[in-house]
Amino acid sequence: MRILKFWNSFLICFVIILSEVNANESTVTVVFKNDAKYKGTDDTFVRKGSSFSGGMSNFGRCSRIEINEQTRLGLIRFDVSSLFKKYIKINSITLRLFSKNAPKSGSISVHRLNIKNSAWREGGNCGGTVIGANRHEVTWFHLADYGGFPSPPPSWASRTAGPSTAGVDYDEKALGSAPNTNSKENSKFDIMFDGDLSALINDWALATPIQEQRDLGGNPSWTADWNWAQPAAETANEGMLLKGTDGDIHVFHSSEAENSELRPQLIVTYQPRKKS
């Protein structure tokens, strides 16, 4: 009887181990990064300032993203619609950035943007005051500048300049964070995400950019034009906000970096659906 019980216990343990091995073998990893085959990354930063000192400037074409606590806020979004209905469960998500200046104080956190801020557009400038020409580019003052001075209320969810109000412009709880002490010049800087990762990708995978509609930077738009009417249009992929915890500016390579190996990546691992 003891031998039989031992044998049954052994079989159960063997089945559990085998199941775990098979599950690991079926895990799929996909990397989203702008290159010759994938053009689905939007990234930029907005800079706090008056109309002529950064507040009306767009940085979508810059090869860098500048981030600190209050005056430089990063925006990034990845088109993950190719994952739609491909997975049973999302196992992990990592935002991989590559540091350019490697500061050692503070940290960088990633927050999910409020869906009311989902109409932001990367744009095609790298500095310079954006006034007129209906450029449809994100600036500190607006999600997508439609020209002229910012006499209408700013089009961020908070109706204030800059997407800087926690709990209104972006989720107060971070998706993940990492200390700047981990950074090295031109080396990877990984931020692991926590929380309900499947629910996050469930939402983001529903959305695709409008291919026939582009801003002046040549980037596909995720929402239809809405001009100054409020509220702004929305999409299921609102993207993320990156912010620091002190005044030091952490500079990362953007999706416009000449070296494609230094461009931001979203690394997703998942358990695929079984093919019928």
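Attention here is on the structure that accompanies the text. Predicted, not measured: the structure shown is a model, and the values here were computed from it.

Moving on, we get to the overall build of the protein chain. Helix and strand counts for the protein chain stand at 3 helices and 13 strands. Buried positions account for 49% of the 276 residues belonging to the protein chain. Partitioning the intrachain contacts of the protein chain with sequence separation of at least 6 by distance along the chain shows that 77% fall at a separation of at least 24. Element-wise, carbon and sulfur atoms account for 53% of the exposed surface of the protein chain, whose accessible area totals about 13300 Å².

Here we take up the sheet that holds strand 2 (residues 41–47). Reading across from one edge, 2-4-11-6-7 is the order of the 5 strands in this open sheet, with antiparallel pairing throughout. In this open sheet, the two strands that pair with only one neighbour each are strand 2 and strand 7 (176–179). On average, each strand axis in the sheet is inclined to that of its neighbour by 20°, with strand direction left out of account. Where strand 6 (residues 107–112) and strand 7 come together, 4 bridges link them in antiparallel fashion. Its bridge partner lying in strand 7, S107 is registered against P179.

On to the state of the cysteines, then. Where two cysteines share a covalent bond between their sulfur atoms, that bond is called a disulfide. For the structure shown, the criterion picks out 1 disulfide. The partner cysteine of C62 in its disulfide is C126, sulfur to sulfur 2.0 Å. In this structure, the disulfide formed by C62 and C126 twists by about 110° around the S-S bond and is classed as right-handed. Here C62, found in the loop between helix 2 (51–55) and strand 3 (64–67), pairs with C126, found in the loop between strand 6 and strand 7; they are 64 residues apart in sequence, far enough to count as distant.

Those residues of helix 3 (residues 197–204) that fall on the buried side of the exposure criterion are L197, S198, L200, I201 and W204. The buried side chains of helix 3 occupy one side of the element, clustering within an arc of 160° when seen end-on. Its buried side turned inward, helix 3 meets strand 5 (87–98), strand 6 and strand 11 (240–244).

Assignment of secondary structure puts D190 in strand 8 (residues 188–192). Taking C-alpha positions, D190 is 8.4 Å from F98, a pair spaced 92 residues apart along the chain. Beyond its immediate sequence surroundings of up to four residues, D190 is in contact with T94, L95, R96 and A178. Reaching out from D190, the side chain makes a polar contact with the side chain of R96 at a distance of 2.8 Å.

Notably, A102 is not glycine yet its phi reads approximately 50°, a positive angle. The residue A102 is located in the loop between strand 5 and strand 6 in this model. A residue is classified by how much of its surface remains accessible, and A102, at 14% relative accessible area, is buried. Positive phi outside glycine occurs at N186, with the angle close to 60°. With respect to the secondary-structure elements, N186 resides in the loop between strand 7 and strand 8. For N186, a relative accessible area of 43% translates into the label partly exposed.

Thresholds applied
- Residues numbered from 1 in each chain as written.
- Predicted model: local features only at pLDDT ≥ 70, side-chain atom pairs only at ≥ 80, totals over all residues.
- Heavy atoms only, no water.
- Helix = DSSP H or I, 4+ residues; strand = E, 2+ residues; numbered from the N terminus.
- Buried < 20%, exposed > 50% of the residue type's maximum accessible area, 1.4 Å probe, protein only.
- Contact = heavy atoms within 4.5 Å.
- Areas by Shrake-Rupley, 256 points an atom, 1.4 Å probe, with all protein chains shown as cover.
- Pairing = 2+ DSSP bridges.
- Axes fitted to C-alpha atoms, helices over the stretch in contact; angles between N-to-C directions.
- Disulfide = S-S within 2.5 Å.
- Arc of directions from axis to C-beta.
- Polar contact = N/O pair within 3.5 Å; in protein donor to acceptor, adjacent residues only side chain to side chain.

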